[in-house]
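Observations on chain architecture
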Amino acid sequence: NPSGGNSIDLVADGAIAAGKPVIIKTNGKAAQITEGLTGISLDSGFSWNGTATNATSNGVANLVGGCYDATADKWLTWWVNTDDSSRPKLTIWRFTGSSDTCTQNTFSMQPDTGATGLLNSTDYEGDMIYDPSTGNVMGIYRHGDQTGKIWIGTTTTGSTNSFTVGDCVEFESGAVSCMSMVYNPDAQKSLITYTDAYGGTYDKGRSRIVTSSGTGANSTVSLGSIETFENGATVRATSAVYDTHNDKFVVFYIGSGNYPYAKIGTISGTDISWGSATTINSGACAMVKGVYTKNGVMYVQYGRQSKLRGRVITSDGSSLTVGSEIEVDGYFDEFHKIRYDSFNDMVYSAHEQGSGNANLELQKITISGTTPTLRGETTRYYGAIGQRGLGEFHNGLTPVFYKAYDSGNYLHGLPYRSANIETNVTTSSNNSILNYTNILGFAEDAISDGATGTIKLPGNVVGNQSGLSAGTYYYHNGDGSLTTSGSTALVNAKAGIAVSSSKLVIADPNQQSQ
C-alpha cells in the first residue's frame, strides 16, 4: 500500500462531492464513484430479472396496474377481488437489489372508498396516476351504483408497504365507463376523461380537471367543471395523454362509426376546451390506447379486423398528423397495454401472443418521424393470461402485472429491465482473483467539474464522513456510498476503517478482508 499521508492533485471529470470516493479515468482525471444506466440493444431480447411474484391468493379482475410512486419508490396496482364480493384491493410492490427482489402487500380499499360490487369489464376498468406535486396517488373507478368516483392517498416510504387513503369523492353523478386519467406537470393538475353511460348505453365523451392537495388522511381533490369533448356520437375506450412539448392534452377515443379519433385539449385554470376531431383510421376499431413519447409525438394502438395495430400521431399544438398503420400482432388483444421508455426512446407493448388467453408477449417499437418499427420481442409467461398492467419505467425497470388464468386467476408481478444499472468502477481478474483497477481514493473537499482538487490515497485519513462507527471496516458500494457488509456490485472492495464518526483511514480496495 502507499504510505500514509499520500495524496495527489487531479482535475475533476464531473463534480465531486465532499467526502466521496473517486476513480481515476483513462483521461487522467478523477471522477466520483457513481452508478448509471446502460441501455439494451434495440433488436435484442428482453432482460427479465427475477421471477413472477404472486400478490395474493385471490382472483383478480378489472386490473389497473403500473402506477409508479416516485416519492415512495414503489409501484401500485388497483384491482377487483373476485373472491370477496368484487371489492377493490390495492397492492404495493417494491423491487430491490441487483435481482429486483419483490416485496408486496395487498390492502382492502373497501372501508376507505365504500366501493362494493365493482363491475368486471374492460369498459369499466378504472385508472390510477401519481401526482408528484403533492406526492399522492389518485384512482378513478365506476362505483357499484355506476357513478364515477375518485380516491386519493399517500404511500409510505422505506421498506414498509402501507397506504393511507384521504378523500373519496364523486366526479360524475351518472353512470360512467371507459375512464382514463393523466397528469399535467406544467399546470400540476390532472385530467379525467370518460363516457357517460346513462340508461346503460354509451353516450357523450366527458372530461374534468382535478387538483390534489394535502397528504395521507388529509389528502383531498377539487374538481373543475365537466366539459364535453364529444357530443355527437357514441364514445367508447377513451385514453388521454399529456403532450409536454406543446403543453396540451390529447384524448383518443372510439366515436362515430366505431372509428378511432383524437382531439387536442387546452387547459385554463380548472377548465379545459377541446379542438376538432382528427380521424385516426377510417374503419371500425376497438380499445384504442395512446402514449406520449417526446417532441409532440404520440403512439396509438388499437384493434382492427381481429389484429392489433398501431400508428404514430404528431402534434404542432393545434393540429394532429396521422402516420401509416403497422400490424403489431396477428391477433387483437383487448387488454393490450403500452408504455414509453424515455431512456431507450422506445415504446413497449404488452399483449397476448395469439388468440384466446394466450401467452404474454412484450414488443419493442421504435419511432422515426411518423413511422413506427417493430424491434425485438419476447414471450415470457407461457400460460393463459388476462388483464394486465405495464408499469411506468423508472431507473431502467418496469414491472409487468397480469392475471394468470392457469394459476388461480391470481395477480402476478414480473420485473423487466430495459437498462442495467452499472457502476463506473472497473475490474480485472488474475488467477480468479478479482481486482478493482480504477478506485483511487477519496476527495475530502468538494471539487467542481474541471477544477483541480486533492485526492487522498490509501493510508491517508479522509474526513467529511458521517455516521461511521469507530473500529469498523467499510466497503465501497457501486453508487459511491459505504457499507459495512460488502456490496453485491463490488464484492469486498475495501474503503477503509473508521477512526471516528466522521473520519476514515483509507484502505487499498484490493487488500484482503480483515
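Everything in this summary refers to the structure shown in the same document. The numbering scheme is per chain: residues are counted from 1 as the chain's sequence reads. Local features in a predicted model are, by the rule used here, given only for residues with pLDDT of at least 70; side-chain atom pairs are given and counted only at 80 or more, and totals for whole chains, interfaces and linings are based on all residues. To obtain the side-chain values, all non-hydrogen atoms of the structure were included, while hydrogens and water were left out.

1. Points about the pattern of salt bridges
Just so we agree on the cut-off: The salt bridge definition used is simple: a Lys or Arg side-chain nitrogen within 4 Å of an Asp or Glu carboxyl oxygen. The numbering of helices and of strands both runs from the N terminus, where a helix is a DSSP run of H or I of at least 4 residues and a strand a run of E of at least 2. The buried label applies to any residue whose accessible area, calculated with a 1.4 Å probe on protein chains only, is under 20% of its type's maximum; exposed applies above 50%, and partly exposed to all values in between.
Considering all chains together, one arrives at 12 salt bridges under this definition. Among the ionic pairs, Lys25 bridges to Asp13, the shortest N-O distance being 3.2 Å. Note that Lys25 is positioned in the loop between strand 2 (20–24) and strand 3 (30–32) and Asp13 in the loop between strand 1 (7–11) and strand 2, a separation of 12 residues in sequence. Here Lys25 falls in the partly exposed class, since its relative accessible area comes to 35%. Classification of Asp13 by relative accessible area gives partly exposed; the value is 27%. For Lys294, the salt bridge goes to Asp345, with nearest N and O atoms at 3.1 Å. Taken as a pair, Lys294 in the loop between strand 24 (286–292) and strand 25 (297–304) and Asp345 in the loop between strand 29 (337–341) and strand 30 (346–353) lie far apart in primary sequence, 51 residues in all. Overlapping salt bridges, with partners in common, bring together Arg304, Arg309, Arg311 and Glu325 in one network.

2. Focus: the side chain of His476
What counts here: The definition of a polar contact used here is a pair of N or O atoms within 3.5 Å, where within protein one atom must be able to donate a hydrogen and the other to accept one, and adjacent residues in sequence count solely through side-chain atom pairs.
Checked against the element boundaries, His476 lands in strand 42 (residues 473–476). A relative accessible area of 2% means that His476 is categorised as buried. A distance of 3.4 Å separates a polar atom in the side chain of His476 from the backbone oxygen of Lys494.

3. As for the sheet that holds strand 7 (residues 60–69)
Which entries qualify depends on this criterion: Two strands qualify as a pair provided DSSP detects at least 2 bridges between them. Here the axes come from fitting lines to C-alpha atoms, over the contacting stretch only for helices, and the angles between their N-to-C directions go from 0 to 180 degrees.
With antiparallel pairing, the four strands of this open sheet are ordered in space as 7-8-9-10. Pairing within the sheet leaves two strands with one partner each, and these edge strands are strand 7 and strand 10 (101–108). Geometrically, the sheet is characterised by an average inter-axis angle of 20° between neighbouring strands, direction not taken into account. Here strand 8 (residues 74–81) pairs with strand 9 (residues 87–96) via seven bridges, running antiparallel. From the neighbouring strand, Leu76 faces strand 9, where its bridge partner is Ile92.

4. Focus: the side chain of Ser207
How we decide: Contacts: residue pairs with any heavy atoms within 4.5 Å of one another.
If you trace the backbone, Ser207 turns up in strand 16 (residues 205–213). At 3.0 Å, the side chain of Ser207 and the side chain of Trp274 are in polar contact. Among residues more than four places away in sequence, those in contact with Ser207 are Leu191, Ile192, Thr193, Tyr194, Ser225, Ile226, Glu227, Phe229, Ile272 and Trp274.

5. A look at the sheet that holds strand 44 (residues 494–498)
Taken in spatial order, the five strands make up an open sheet running 41-45-44-42-43, and their pairing is antiparallel. If you trace the sheet from one side to the other, it starts and ends with strand 41 (461–462) and strand 43 (482–483), each paired once. With two bridges connecting them, strand 41 and strand 45 (residues 504–506) associate as antiparallel partners. Of the residues in strand 45, the one forming a bridge with Val462 is Leu504.

6. Focus: the pairing of strand 13 (residues 147–155)
Within strand 13, nine of the nine residues are buried, which leaves the element mostly enclosed by the surrounding structure. Side-chain alternation along strand 13 places Thr147, Lys149, Trp151, Gly153 and Thr155 on one buried face and Gly148, Ile150, Ile152 and Thr154 on a second face that is also buried. Taken together, strand 12 (residues 136–142) and the strand that follows it, strand 13, pair antiparallel across an intervening segment of four residues, in which Gln146 is found at a positive phi of about 80°. The sheet contact formed by strand 13 and strand 14 (residues 163–184) spans eight bridges and is antiparallel. Residue Thr147 lies in a different strand from strand 14, and its bridge partner there is Ala175.

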